[in-house]
Amino acid sequence: MINNEVFAIILGGGQGSRLHPLTEARSKPAVPIAGKYRLVDIPISNCINADIKRIFVLTQFNSASLNRHIKDTYHFSFFSSAFVDVLAAEQTPGNKGWFQGTADAVRQSMHHMLRHDFEYVLILSGDQLYQMDYDKMIKAHKESNAEISIATIPVSAKEATGFGILKSDENNIITSFVEKPDASLLPDWTSEVSSEMKASGRNYLASMGIYIFNRDLLVDLMKDESTIDFGKEIIPQNIANHKTLSYQYEGYWTDIGTIESFFEANLGLTEDIPQFDLYDKSKRIYTRARMLPTTKLSGTTLDKAVISEGCIISAQGIKKSVIGIRSRIGNHTIMENTYMMGSDYYQNLDDIANPNIPTIGIGEKCFIKNAILDKNCSIGDNVRIEGKPDLEDTETDTYAVKDGIVVIKKEAVIPNGFVI
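Residues numbered from 1 in each chain as written. Predicted model: local features only at pLDDT ≥ 70, side-chain atom pairs only at ≥ 80, totals over all residues. Heavy atoms only, no water.

K.L.:
Just checking my understanding: could you explain the pairing of strand 9 (residues 164-168) for this structure?
P.N.:
Each regular strand displays side chains that alternate between the two surfaces of the sheet. Where burial is concerned, most of strand 9 is hidden: four out of the five residues are buried. As judged from the five bridges shared by strand 9 and strand 10 (residues 174-179), these two strands associate in the antiparallel manner. Note that in strand 10 the partner of G164 across the bridge is E179. Bridge count for strand 9 against strand 11 (residues 204-214) is two bridges, and the pairing is antiparallel. Paired with L166 across the bridge in strand 11 is L205. (Buried < 20%, exposed > 50% of the residue type's maximum accessible area, 1.4 Å probe, protein only. Helix = DSSP H or I, 4+ residues; strand = E, 2+ residues; numbered from the N terminus. Pairing = 2+ DSSP bridges.)

Structure, rendered in structure tokens:
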């Protein structure tokens, strides 16, 4: 089935500088997550689970790997109108610039979208981790006769200063909006939330950056070319003139905006009952189907570890770590609090035996803790990598340190005996 009333747009974001160096050679939605997925798989899967199967992903930076992933992953029947397409910023006779903001990205892509029939536009972010039933949000939008709906999540006073905060009435209609309010203003910005949220001190409604617009209204709003951003301009300027619904969501949601939040989101998957549940059949996360062999382990002690397909592991121990596809880890190596993204391909035995070709994976007798290892890294023997809170932020050709987390760059070669 396809929900022909709704058209989805996933915003790929800007340069992703806060996720650097993971975004050095890829766009933010293409960043690998949970060992086998890409960030963009999250909103696309949420759409597919709600039978929303006409989707544009808007991006402009490093979009080659994202294009390839979407082309290789999301195939629908030839007899279906379903599609997932990447729209990169393009120069046209009427526009010769890049996307200037979220609203400008949608504006520049409207001529592609308007070729399709739909009643509502669902606008999503490509860098968030959550599992939402969009059907319920769309139903609430329609039942309230809203023109705009905004997904909101209750947050604490400490968190509220970092979000756009909305105030709603008893019917969940938004009455006012403030962007990243000062703590002194917060007493005037509480909203009605569930008793469970009140008990945990989450009395403020933060915008999740997920919107529904009625088609005709969005088309009309896009005519004003001076507005370039939804959160900073479109939403604040229109809630007084157009009925705007707050759709409260109380499940797990995190914005993957920084290295620290990315790291914590991945390691959170190792918990016995993770908040982001990859095992829920009703909220399935889709990704590229790979014909990989099973993972092989030899002499390894595992504790709260997530191991993807196709790995060859002889490590001494892996604790609270996520190991990505095609990972190789050598004898006597210890890993803790680490996200290893894995590899894009296997090396053949001749390459592995060749001393002039770095072996992809982790060598023998290494110790790795509080680190992110990007794709296709080659880490030699007796290497020690340990992130700590007191490490200064720094960057070299092969690694970076951010918020005490060591990030080994994609395809970096770390020599034997190296210590970070």
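K.L.:
I would appreciate a short explanation of empty space enclosed by the protein in the present structure.
P.N.:
The rolling of a water-molecule-sized probe over the atoms marks out the regions of remaining empty space. Enumeration according to the criterion identifies four cavities of 30 Å³ or more in this entry. Space inside the largest cavity adds up to approximately 40 Å³. Contributing to the lining of the largest cavity are S327, M340, G342, S343, I360, G361, L373, D374, N376 and C377. (1 Å grid on protein atoms, 1.4 Å probe; cavity = no way out; pocket = protein on both sides within 12 Å on 5 of 7 lines; lining within 4 Å. Points joined across faces, edges and corners; volume = space filled by probe spheres on them.)

K.L.:
Hey, could you run me through unusual backbone geometry in this one?
P.N.:
Phi is mostly negative for residues that are not glycine, and the peptide bonds are mostly trans. Here H20 and P21 are connected by a cis peptide whose omega angle stands at 10°. Its location among the elements puts P21 in the loop between strand 1 (6-11) and strand 2 (32-33). Although it is not a glycine, N172 adopts a positive phi angle of roughly 65°. Residues other than glycine seldom take positive phi values, yet N376 does so here, at roughly 60°. Along the chain, the position of N376 falls in the loop between strand 21 (367-373) and strand 22 (378-379).

K.L.:
Help me out: how do you make sense of the packing of aromatic side chains in this one?
P.N.:
Each aromatic ring pair is characterised by the separation of its centres together with the angle its planes make. Scanning all chains against the criterion turns up twelve aromatic pairs. Taking the centre distance of 6.3 Å and the plane angle of 65° together, the rings of Y211 and F213 count as edge-to-face. In terms of burial, Y211 and F213 fall into one category: buried. Ring geometry for Y211 and F230: centres 5.7 Å apart, planes at 35°, overall tilted. Here Y211, found in strand 11, pairs with F230, found in helix 8 (residues 230-238); they are 19 residues apart in sequence, far enough to count as distant. The exposure class of Y211 is buried, given its relative accessible area of 7%. Overall, the relative accessible area of 0% leaves F230 in the buried class. Joined through ring pairs, the aromatic side chains of F7, F56, F83 and F118 make up one cluster. The positively charged end of R326 is found above the aromatic ring belonging to Y346, 6.0 Å away from the centroid. (Phe/Tyr/Trp six-rings, centres within 6.5 Å; stacked < 30°, edge-to-face > 60°. Lys NZ or Arg CZ within 6 Å of the ring centre and 35° of its normal.)

K.L.:
What exactly am I supposed to notice about the environment of N238 here?
P.N.:
Position of N238 relative to the elements: it lies in helix 8. With relative accessibility at 8%, the residue N238 sits in the buried group. In this structure, the C-alpha to C-alpha distance between N238 and I307, residues 69 residues apart in sequence, is 47 Å. Here N238 is in contact with I148, L221 and T244, once residues within four sequence places are set aside. (Contact = heavy atoms within 4.5 Å.)

K.L.:
What should I look at first to understand the side chain of H242 in this one?
P.N.:
Residue placement: H242 occurs in the loop between helix 8 and strand 12 (244-248). A distance of 3.3 Å separates the side chain of H242 from the side chain of E147, its partner in a polar contact. Each residue touching H242, except ones within four places of it in the same chain, is listed here: E147, I148 and L217. (Polar contact = N/O pair within 3.5 Å; in protein donor to acceptor, adjacent residues only side chain to side chain.)

K.L.:
Help me out: how do you make sense of the pattern of salt bridges in this one?
P.N.:
When charged atoms on two side chains of opposite charge get close, those side chains can pair. In this structure the tally under the stated criterion is 15 salt bridges. One salt bridge connects R107 with D104, and the closest N-O pair in it is separated by 3.4 Å. Residue R107 and its partner D104 are located together in helix 3 (residues 102-113), separated by three residues, close to a single helical turn. We note that R107, like D104, is buried. Between R384 and E386 there is a salt bridge, with its nearest N and O atoms 3.1 Å apart. A residue is classified by how much of its surface remains accessible, and R384, at 39% relative accessible area, is partly exposed. Overlapping salt bridges bring together E24, E395 and K409 as one network. (Salt bridge = Lys/Arg side-chain N within 4 Å of Asp/Glu carboxyl O.)

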